[in-house]
Each structure stands twice: as C-alpha cells, then as structure tokens.
Amino acid sequence: CSNIEDKLEIYRDNFEAAYLQATAEFYRLKGNEQLQANGVQSFMRYADAKLREEEARATRYLEPISANALSECCVKCLIGDHLSTLLAECKPMVEAGETERLNLMFRLLDRVSEGVDPMLNDLENHIISSGLSDMVASADIITQDSEKYVERLLDLFRRFSKLVQEAFNDDPRFLTARDKAFKTVVND
C-alpha cells in the first residue's frame, strides 16, 4: 500500500473484509445444517474442531492482525448465534454429571461474553437441590449422629468438587458458585 502510516490498508479493506464476510456466511449455513442434522452434542464437537482449524489456518496464512478478527467472526457464527440452543442442554448435562460434554460446552461458551453465566446458575441450582435432597434422604441418620452429618457433608463437597474440576477445570467462577451453593446446603 502506498499509505505510509498503514501498510496493510488495502489488505484489510479488500481481502480481510471479504474473507471475514465469506467465512461468516459459510459457518452460518454449515452451522445450522450441522445443528439440525446431528443435534447439539455433535454440533459442539463440530464447532470446537472448526474453531481450532480456523485458528491454525489464520496463523499459517493470514496477517497476524487478522487472527483475532477471524476468531471473533467464527465464534459469533458458531457459538453466539446458537447460544440459547447450547444453553438449553446445560441443565440436563449438569444433572446427569456428563463432565466430558460439560467441559466441551464450557470451553465453547467461555469464548462468548457472559456465555458461562447461565452455566454457573445451572450448577448452583443443581448443587443446592441435589445437596438438600441428599441431606433430607439421610435425615434419620445424620440427625442422630453429628459425625455422620459431617461425613455426609464432606462426601457431598467432594462430589461437587470433582464435578467442578472435571467439567469446568476448577475455573474460579465455578468454584465460587460451588462454594455459594454448598453454603446454602450447609445452612439449610
């Protein structure tokens, strides 16, 4: 480019803009097809694979300034446009303890601004309801013996900690949600 202050002006205005537009159109079409044809679980694997492919492609073939723009474009098309559909699957996965799928969902939704906030709520609600129902189910035993009560609380805490570790990589936001929910269980 003849512009001394911005040597990549022509690249950005012509190539990058067209490339991002074509990429967005492609992933909107393919993302919808994949989601309709194969369901949410398969779509999450597809989105994760495509995001990694596009990041590798950007590193290999594009100017470094284009990598972030391409990543944001792909994240918006593959995750942002399908956020509500993905989040609808979160609560059943938390309740079923599907840590591998939750981990994939966490990695995807963490790329979107405030994407994990509903996951935090689902985890917190699960810990409260599961913890309270477990304590009510063993009420006869734990009301008679304080040692059994403490052991039961520790078992619950270990179980929920394992879920947070395996599904959410001990992310501080999820550790805080676990602690807050467990506090409710202990105090109830």
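Please refer to the structure higher up on the page.
## Section: the overall build of the protein
In step 1: Looking only at helices and strands, the protein has nine helices and zero strands in total.
In step 2: Its helices and strands taken in sequence order, the protein reads α-α-α-α-α-α-α-α-α from the N to the C terminus.
In step 3: The C-alpha atoms of the protein give 22 Å as radius of gyration, which overshoots the globular expectation for 188 residues (16 Å, by more than 25%).
In step 4: Its C-alpha atoms put the protein at 85 × 40 × 20 Å along the principal axes.
In step 5: Taking contacts inside the protein between residues at least 6 apart in sequence as the whole, the part at least 24 apart equals 69%.
In step 6: For the protein, the accessible area works out to roughly 10,900 Å², and carbon and sulfur atoms hold 50% of it.
In step 7: When the 23 positive and 34 negative side-chain charges of the protein are each reduced to one mean point, those points stand 3 Å apart.

## A few points about the environment of N68
In step 1: Tracing the backbone through its elements, the reader meets N68 in helix α2 (residues 64-78).
In step 2: Look at N68 and you get exposed, because its relative accessible area is 58%.
In step 3: For the pair formed by N68 and Y46, sequence separation is 22 residues and the distance between their alpha carbons is 20 Å.

## What to know about the pattern of salt bridges
In step 1: Counted by the stated rule, this structure contains 15 salt bridges.
In step 2: The residue E55 makes a salt bridge to R111 at a minimum N-O spacing of 2.9 Å. Residue E55 is located in helix α1 (residues 9-61), and its partner R111 is located in the loop between α5 (99-109) and α6 (117-137); the two are separated by 56 residues in the primary sequence.
In step 3: Assessed through its relative accessible area of 32%, R111 is described here as partly exposed.
In step 4: Where R158 meets D155, a salt bridge forms, and the shortest distance between an N and an O atom there is 2.9 Å.

## So, the packing of α1 against α2
In step 1: In contact at an axis separation of 8 Å, α1 and α2 are set at 35° when each is read in the N-to-C sense. Judged by the twist between their axes, the crossing of α1 over α2 is right-handed.
In step 2: Of the residues assigned to the contact of α1 with α2, the class counts are 19 nonpolar, four polar and seven charged.

## A word on the packing of aromatic side chains
In step 1: Under the counting rule described, the total for this entry stands at nine aromatic pairs.
In step 2: Relative to F182, the ring of F160 has its centre 6.4 Å away and its plane inclined at 70°; by these criteria the two rings are edge-to-face. Here the residue F160 occupies a position in helix α8 (residues 146-168), and F182 occupies one in helix α9 (residues 172-187), the gap between them amounting to 22 residues. Across this residue pair, the class does not change: F160 and F182 are buried.
In step 3: Judged by centre distance (4.0 Å) and plane angle (5°), the rings of F168 and F174 are stacked. The same class applies to F168 and to F174, which are both buried.

## Let's talk about unusual backbone geometry
In step 1: At E114, a residue that is not glycine, the phi angle is positive and equals roughly 60°.
In step 2: At D170, a position not held by glycine, the phi torsion is positive, near 50°.
In step 3: Here D170 is to be found in the loop between α8 and α9.
In step 4: Since its relative accessible area comes to 34%, D170 is described here as partly exposed.

About the criteria used
Residues numbered from 1 in each chain as written. Predicted model: local features only at pLDDT ≥ 70, side-chain atom pairs only at ≥ 80, totals over all residues. Heavy atoms only, no water. Helix = DSSP H or I, 4+ residues; strand = E, 2+ residues; numbered from the N terminus. Rg over C-alpha atoms; globule rule 2.2 N^0.38 Å. Contact = heavy atoms within 4.5 Å. Areas by Shrake-Rupley, 256 points an atom, 1.4 Å probe, with all protein chains shown as cover. Lys, Arg positive; Asp, Glu negative; His and termini not counted. Charge placed at Lys NZ, Arg CZ, Asp CG, Glu CD. Buried < 20%, exposed > 50% of the residue type's maximum accessible area, 1.4 Å probe, protein only. Salt bridge = Lys/Arg side-chain N within 4 Å of Asp/Glu carboxyl O. Axes fitted to C-alpha atoms, helices over the stretch in contact; angles between N-to-C directions. Left-handed = near helix turned anticlockwise from the far one by under 90°. Nonpolar A, V, L, I, M, F, W, Y, C, P; charged D, E, K, R; others polar. Phe/Tyr/Trp six-rings, centres within 6.5 Å; stacked < 30°, edge-to-face > 60°.

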